[in-house]
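Structural overview
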Amino acid sequence: QVQLVESGGGLVQAGGSLSLSCAASGFTFSSYAMGWFRQAPGKEREFVAGITWSGGSTSYADSVKGRFTISRDNAKNTVYLQMNSLKPEDTAVYYCGAKRGTYFGTRPWEYDAWGQGTRVTVSS
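Residues numbered from 1 in each chain as written. Predicted model: local features only at pLDDT ≥ 70, side-chain atom pairs only at ≥ 80, totals over all residues. Heavy atoms only, no water.

This part is about the pattern of salt bridges. Using the criterion set out here, one finds 6 salt bridges in the structure. Where Arg-38 meets Glu-46, a salt bridge forms, and the shortest distance between an N and an O atom there is 2.7 Å. Its relative accessible area of 37% is what places Glu-46 among the partly exposed residues. The salt bridge involving Asp-90 is made with Arg-67; its shortest N-O contact spans 2.7 Å. Taken together, the positions of Asp-90 in the loop between strand S8 (78-83) and strand S9 (92-100) and Arg-67 in the loop between strand S6 (58-60) and strand S7 (68-73) put the pair 23 residues apart, joining distant regions of the chain. Each member of the pair Asp-90 and Arg-67 is classed as buried. (Salt bridge = Lys/Arg side-chain N within 4 Å of Asp/Glu carboxyl O. Buried < 20%, exposed > 50% of the residue type's maximum accessible area, 1.4 Å probe, protein only. Helix = DSSP H or I, 4+ residues; strand = E, 2+ residues; numbered from the N terminus.)

A few words on the sheet that holds strand S1 (residues 3-7). Overall, antiparallel pairing links the 4 strands, which are arranged S1-S3-S8-S7 in an open sheet. Looking at strand neighbours, the two that pair on one side only are S1 and S7, the edges of this open sheet. Taking each pair of neighbouring strands and ignoring which way they run, the sheet shows an average axis angle of 15°. Bridge count between strand S3 (residues 18-25) and S8: 6 bridges; the pairing is antiparallel. Looking at S8, one finds that Ala-23 is bridged to Thr-78. (Pairing = 2+ DSSP bridges. Axes fitted to C-alpha atoms, helices over the stretch in contact; angles between N-to-C directions.)

Here's what the structure looks like:
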């Protein structure tokens, strides 16, 4: 079955970096666009970054643009999120999502599968 497993979360000081990974299995990874979302306590899940099936196109939320980088390795069935210059407001549970087709979406309901999430906490 479709499975997405995130890893790499943790506690980091403001200004620090973390690298998240999302390992996919149970489906043809290279046929799916991928996205990273996050959800802070009491808030809705929000789009962070997306990448097309080929990796040729990416997009970022304004709040993370210039600090976060999404990438994928189709040979390893893995999508990554490199997070630099972290801020306390980046604190959230981060989820990766898989969306069938070429282009990623920015809304959670567009995605076909989700991982269980990995928690990121940025201290000030």
